[in-house]
Amino acid sequence: MKTIYKYLLNTLPRPLLIRLSYVFKLFAPIAFKGSNVECPVCERKFRKFLSYGSDIAHRENVLCPYDLTLERHRLLWLYLKQSNFFSEKKINLLHIAPEQCFYPIFKKQTNLNYTTADLESPLADLHFDLHQIPLDENSYDVIFCNHVLEHVKDDHQCMTELYRVMKKGGWGIFQVPINYESESTYEDSTITDPKEREKHFWQKDHLRLYGKDYPIKLEKAGFKIEIFNPRTDLKKLNYQKMRLNPDELVYIAIKQ
Ligand SMILES: [Zn+2]
């Protein structure tokens, strides 16, 4: 059962997975009945979460069976909840490669002027390549672009583009996989074989594996970086119950 599940998760196209997730929503509360783990996004408790990730980056007990959040989604959510994101009067939000677990929630928020963008997803409002964003400068108060920069050819150019379209005083969150055991980002353009890429960069379609220098890279594109560390910034947080990555931080990229 476990092998079949893993096979399906790694081979089925995403649109189909998204459709299957609706079926999951019906059965998860029964099949995973319990209270060992808790998802702050759907505010539901379960016996356990599902496993997720490639062979190299496989993790047990991390994927919420109801809304399919992972550690990084739950962490971002905890940040947003304590920020002014939901209370600020009017926010021009650009959401690149929008996560399925956030899309319906953001869509309903009346304070958000919400635009989604993606390279190809038909569900997105706009379609463009991040290397050349066809939008005016100083347009958005908040930009989310998570788990994209590890896939693009020239991440510095893409960061510069994100900086350009952000309003002065705006902020963005651009989460990427980070190897917190490495000081610097590991990049080697001669590694093109999918199996080799998975071994070196954790996933078949990743072009690099970021290290602890990730915020410095954002600074080089012009951003000022603030760090949200849930361990110190949130009181009484049950890390184990929400199944967060104990190393993961949120870098908030600000355009001053
Ligand atoms: Zn959930």
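Calculation notes
Residues numbered from 1 in each chain as written. Predicted model: local features only at pLDDT ≥ 70, side-chain atom pairs only at ≥ 80, totals over all residues. Helix = DSSP H or I, 4+ residues; strand = E, 2+ residues; numbered from the N terminus. Buried ≥ 20, exposed ≤ 12 C-beta atoms within 10 Å, placed from the backbone. Contact = placed C-beta atoms within 7 Å. Expected span 1.5 Å × (residues − 1). Domains from an automatic or database assignment. Pairing = 2+ DSSP bridges. Axes fitted to C-alpha atoms, helices over the stretch in contact; angles between N-to-C directions.

1. Considerations on the overall build of the protein
Summing up its helical and strand segments, the protein has nine helices and 13 strands in all. Relative to its 256 residues, the protein shows a buried fraction of 27%. Restricting the contact set of the protein to residue pairs at least 6 apart, pairs at least 24 apart contribute 62%.

2. A look at helix α3 (residues 71–82)
The terminal C-alpha atoms of α3 lie 17 Å apart, and with 12 residues this matches the ideal 16 Å at 1.5 Å per residue to within 8%. On its buried side, α3 packs onto β1 (37–39), β9 (166–173), α8 (230–233), α9 (239–242) and β13 (250–254).

3. Some points on the environment of Glu120
Here Glu120 shows up in the loop between β6 (112–118) and β7 (126–127). According to the C-beta neighbour criterion, Glu120 is exposed, with 6 such atoms within 10 Å. Distance from Glu120 to Ala97, taken between C-alpha atoms, is 9.3 Å for residues 23 residues apart in sequence.

4. Points about unusual backbone geometry
Not every positive phi belongs to a glycine, and Glu43 is a case in point at roughly 55 degrees. Position of Glu43 relative to the elements: it lies in the loop between β1 and β2 (44–46). The phi torsion at Arg243 lies on the positive side, around 50 degrees, for a residue other than glycine. You can see Arg243 is positioned in the loop between α9 and β13.

5. Quick word on the domain arrangement of the protein
Assigned domains within the protein: domain 1 (2–69) and domain 2 (72–254). Placing a centre on the C-alpha atoms of domain 1 and another on those of domain 2 gives a separation of 22 Å. The partner domain 2 presents 13 residues to the 15 residues of domain 1 that form the contact. Elements with a contribution of two residues or more to the side of domain 1 that touches domain 2: β1 and β4 (59–63).

6. Examining the sheet that holds strand β12 (residues 224–228)
Strand order in this open sheet of seven strands is β7-β6-β5-β8-β9-β13-β12, and the pairing throughout is mixed. Looking at which strands have only one partner, the edges of the open sheet turn out to be β7 and β12. For β9 and β13, the ladder comprises three bridges, and the chain directions are antiparallel. Counted as the bridge partner of Gly172 is Ala253 from β13. Helix α5 (residues 155–165) rests against β5 (91–96), β8 (140–145) and β9 of the sheet, and its axis sits at about 130 degrees to β9.

7. Focus on the environment of Leu249
Structurally, Leu249 is set in the loop between α9 and β13. C-alpha of Leu249 to C-alpha of Leu75: the two residues are 174 residues apart in sequence and 8.2 Å apart in space. Residues contacting Leu249, with those up to four places away along its chain left out, are Ile227, Phe228 and Asn229.

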